[in-house]
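Residue-level structural notes
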Amino acid sequence: MNHRLQDLMQWLKQENIDSAFITSTENVFYLSGFRSDPHERVLGIVVFPEIEPFLICPSLDVHDAKESGWEYEIIGCSDTENPWEKLEKHIKNRISNVNVLALEKEHMNIERYEQLLNRFEGARFVAAEEKLRQLRLIKDEKEKEILKKAAEYADFAVQVGVNEIQEGKTELDIIAAIEYELKKKGISEMSFSTMVLTGANAASPHGNPGLTKVKKGDFVLFDLGVVYEGYCSDITRTVAYDHFNEEQEKIYNTVLKAEEEAVKAVKPGITAKELDQLARDIITDAGFGDYFPHRLGHGLGIGVHEYPSVTNTNELIIQEGMVFTIEPGIYVPNVAGVRIEDDVYVTKDGVEILTSFPKKLQIVK
Ligand code: MN
Ligand code: MN
């Protein structure tokens with residue numbers, strides 16, 4: 001049995017939880033190796049403290065679930081069967097009392113909650129999220145290698161985008177070129193909607209790419225990532241098209257300094273808070289403190305946003321094996337938006353940067 005399942009079973013035992021029903025596609029994948037989007041159908045892993053777990057999934061997924069390497073029982077549910085009835089039956093066949101059931105509460109909706117409420121009358125529901133986040137927080141060697149590969153594809157994607165910048169091209173033209181080239185390399189999924197933002201649009205940290213054309217003197221911001229073997233990358237680079245002015249340069253170099261200093265400071269023992277504050281101080285000292293409206297970074301793995309959250313209030317101590325982004329930004333309306341983002345892996349005594357696209361201010365002619 002894999003360590004992840006063993007850890008979860010151990011936790012159930014410690015907490016006197018009779019069973020856990022894990023339903024998010026991310027955590028099902030993490031625990032089983034089976035990655036599938038069931039849409040509105042029911043997919044989940046049922047774990048017990050002492051006995052073998054089982055997987056419940058749509059019938060049409062049973063074959064793929066077996067192929068994924070899941071070694072335990074798989075309960076398939078056809079579109080005409082009631083998955084909740086089956087779930088109840090298979091749990092009650094295995095254990096006589098269900099007093100405490102762990103769920104991913106954030107992933108439940110009211111309809112599902114009522115199903116469970118009716119079928120496990122009197123049971124207390126506890127949240128499984130925190131335990132799963134803790135498990136996923138530290139990456140093993142294999143996960144690190146996959147994340148590194150995902151980061152390499154992100155570097156490649158930025159290069160494709162940079163090469164595509166020319167008079168007349170819109171943000172969406174450039175995105176189409178990036179994703180086309182990635183698909184040719186076998187990447188079928190991006191970790192979020194690819195962002196290419198130019199000029200004033202780049203001054204919105206969460207802008208929506210559209211039909212705006214790149215024009216000379218604009219900064220062009222790329223924020224993108226790929227999903228590779230179930231794991232996400234996330235990179236941001238900002239380049240200048242043809243030329244830039246002094247104000248743009250000042251903004252860029254401030255972000256760059258904040259980013260590089262924060263990356264350099266990453267090592268076991270420092271807190272998330274200290275990292276955020278370090279970057280924030282550099283930006284504030286340069287006079288742009290009001291224009292850095294988000295946290296420094298976020299964890300990365302099966303999810304594109306997971307633990308740790310790198311904020312200036314999080315006292316969490318950084319440990320070997322964590323993977324997260326460092327992504328300071330400055331967004332001055334009508335002047336420029338710049339963000340620089342790398343994915344980093346915490347080593348025994350420092351940091352390994354997974355993304356490697358150059359960061360010095362680049363002019364695209
Ligand atoms: Mn990003
Ligand atoms: Mn990010």
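Residues numbered from 1 in each chain as written. Chains lettered and ligands numbered in written order. Predicted model: local features only at pLDDT ≥ 70, side-chain atom pairs only at ≥ 80, totals over all residues. Heavy atoms only, no water.

Considerations on the coordination of the manganese ion (ligand 1)
As a reminder of what qualifies: As a rule, N, O and S atoms within 2.8 Å of a metal are its donors, except that Na, K and Ca use 3.2 Å; water is not among the atoms, so sites may look incomplete. Helix numbers and strand numbers start at the N terminus; a helix is a DSSP run of H or I with at least 4 residues, a strand a run of E with at least 2. A simple rule labels every residue: compare its accessible area, found with a 1.4 Å probe on the protein chains alone, to the largest value its type can have, and call it buried under 20%, exposed over 50%, or partly exposed in between.
On the protein side, the manganese ion (ligand 1) has Asp223 (OD), Asp223 (OD), Asp234 (OD) and Glu341 (OE) as donor atoms, found 2.1 to 2.7 Å from it. In this structure, the manganese ion (ligand 1) lies 3.1 Å away from the manganese ion (ligand 2), the two metals sharing Asp234 as a donor. Of the two residues, Asp223 is situated in strand S8 (residues 219-224) and Asp234 in the loop between strand S10 (231-232) and strand S11 (235-241); the sequence distance between them amounts to 11 residues. Using a relative accessible area of 3% as the deciding quantity, one classes Asp234 as buried.

Structural notes on the pattern of salt bridges
A side chain with one charge may pair with a side chain of the opposite charge, provided their charged atoms come close. Filter applied, for reference: We define a salt bridge as a side-chain nitrogen of Lys or Arg found within 4 Å of a carboxyl oxygen belonging to Asp or Glu.
As enumerated under the stated definition, the model contains 30 salt bridges in all. Among the salt bridges present, the one from Asp140 reaches Arg4, with a minimum N-O distance of 3.5 Å. Here Arg4 lies in helix H1 (residues 3-14) and Asp140 lies in the loop between helix H6 (129-137) and helix H7 (141-164), a separation of 136 residues in the sequence. According to the relative accessible area criterion, Asp140 is partly exposed, its value standing at 35%. Measuring nitrogen to oxygen at the nearest pair gives 2.8 Å for the salt bridge that ties Lys92 to Glu88. With Lys92 and Glu88 both in helix H4 (residues 83-94), this residue pair falls four residues apart, about one helical turn. In this structure Lys92 comes out as partly exposed when scored by relative accessible area, which is 38%. Residues joined in a network through salt bridges with shared partners are Glu26, Arg136, Lys139 and Glu306.

A word on the domain arrangement of the chain
For the record, the criterion: For the purposes of this description, domain bounds are those given by an automatic or database domain assignment. Whether two residues touch is decided by their heavy atoms; if any such pair falls within 4.5 Å, the residues are in contact. We define buried area as the total accessible area lost by two parts upon association, computed with a 1.4 Å probe and summed across both.
We note that the domain assignment places domain 1 (3-136) and domain 2 (138-364) within the chain. Here domain 1 and domain 2 have C-alpha centroids that lie 35 Å from each other. In this assembly, 10 residues from domain 1 lie in contact with 13 residues from domain 2. Together, Phe29, Arg35 and Arg136 form the three largest contributors to the area buried by domain 1 at its contact with domain 2, with a combined 53%.

Thoughts on the coordination of the manganese ion (ligand 2)
Protein coordination at the manganese ion (ligand 2): the donors are Asp234 (OD), His298 (NE2), Glu327 (OE) and Glu341 (OE), at 2.1 to 2.2 Å from the metal. Mapping the donors of the manganese ion (ligand 2) onto the primary sequence yields the spacing D-x63-H-x28-E-x13-E.

Concerning the packing of H7 against helix H8 (residues 171-184)
Under the convention used in this document: Every angle, taken between N-to-C directions, lies between 0 and 180 degrees, and every axis is a line fitted to C-alpha atoms, over only the stretch in contact when it is a helix. Our angle categories are set so that under 35 degrees counts as roughly parallel, over 145 as roughly antiparallel, 65 to 115 as roughly perpendicular, and the remainder as oblique. Note on convention: the crossing is left-handed when the near helix lies turned anticlockwise from the far helix by less than a right angle, right-handed when the turn is clockwise. Each residue is assigned to one of three groups, with Ala, Val, Leu, Ile, Met, Phe, Trp, Tyr, Cys and Pro labelled nonpolar, Asp, Glu, Lys and Arg labelled charged, and all others, Gly among them, labelled polar.
Where H7 contacts H8, the axes come no closer than 9 Å and their chain directions differ by 140°. With respect to their mutual orientation, H7 and H8 come out oblique. For the crossing formed where H7 meets H8, the hand is right-handed. In this structure, H7 contributes Tyr153, Phe156, Ala157, Val160, Gly161 and Glu164 to the contact, and H8 contributes Ile174, Ala177, Ile178, Glu181 and Leu182. Considered class by class, the residues forming the contact of H7 with H8 number eight nonpolar, one polar and two charged.

Considerations on the nonpolar core
Note the threshold: Among buried residues, the Ala, Val, Leu, Ile, Met, Phe, Trp, Tyr and Cys ones that are joined through side-chain atoms within 4.5 Å form a nonpolar core.
Judged by nonpolar contacts, the single largest core of 41 residues is most densely connected at Leu31, Val47, Leu55 and Ala102. The leading source of residues in this core is H1, at five residues. Not counting the four nearest positions on each side in its chain, Ala102 is found in contact with Trp11, Leu12, Ile17, Ser19, Ala20, Phe21, Val126 and Ala128. Membership of the second largest hydrophobic core comes to 34 residues, among which are Ala240, Ile251, Leu275 and Phe288.

Description of H1
In an α-helix, one turn spans 3.6 residues, which is why side chains three or four residues apart end up on the same side. Note the cut-off: In a helix, the anticipated span is given by 1.5 Å times the number of residues less one. Each C-beta atom gives one direction from the helix axis, and the arc is the one those directions make. Two N or O atoms form a polar contact when they lie within 3.5 Å of each other; inside protein one atom must be a possible hydrogen donor and the other a possible acceptor, and for residues adjacent in sequence the pair counts only when both atoms belong to side chains.
With 12 residues, H1 should reach 16 Å at 1.5 Å per residue; the first-to-last C-alpha distance of 16 Å fits that figure. Every buried residue of H1 is listed here: Arg4, Leu5, Leu8, Met9, Trp11 and Leu12. Viewed end-on, H1 has its buried residues packed into an arc of 160°, placing them on one side of the element. Seen from the open side of H1, the exposed residues pointing more than 90 degrees away from its buried face are His3 and Gln14. Taking the backbone nitrogen of Arg4 as reference, a side-chain oxygen 2.9 Å away marks Asn2 as the first, capping residue of H1.

Overview of the environment of Cys77
Tracing the chain through its elements places Cys77 in strand S4 (residues 73-77). By relative accessible area, which is 6% here, Cys77 ends up buried. Residues Cys77 and Leu60 lie 17 residues apart in sequence; the distance between their C-alpha atoms is 8.3 Å. In this structure Cys77 touches Ile56, Cys57, Pro58, Ser59, Pro83 and Lys86, once residues within four positions along its chain are discounted.

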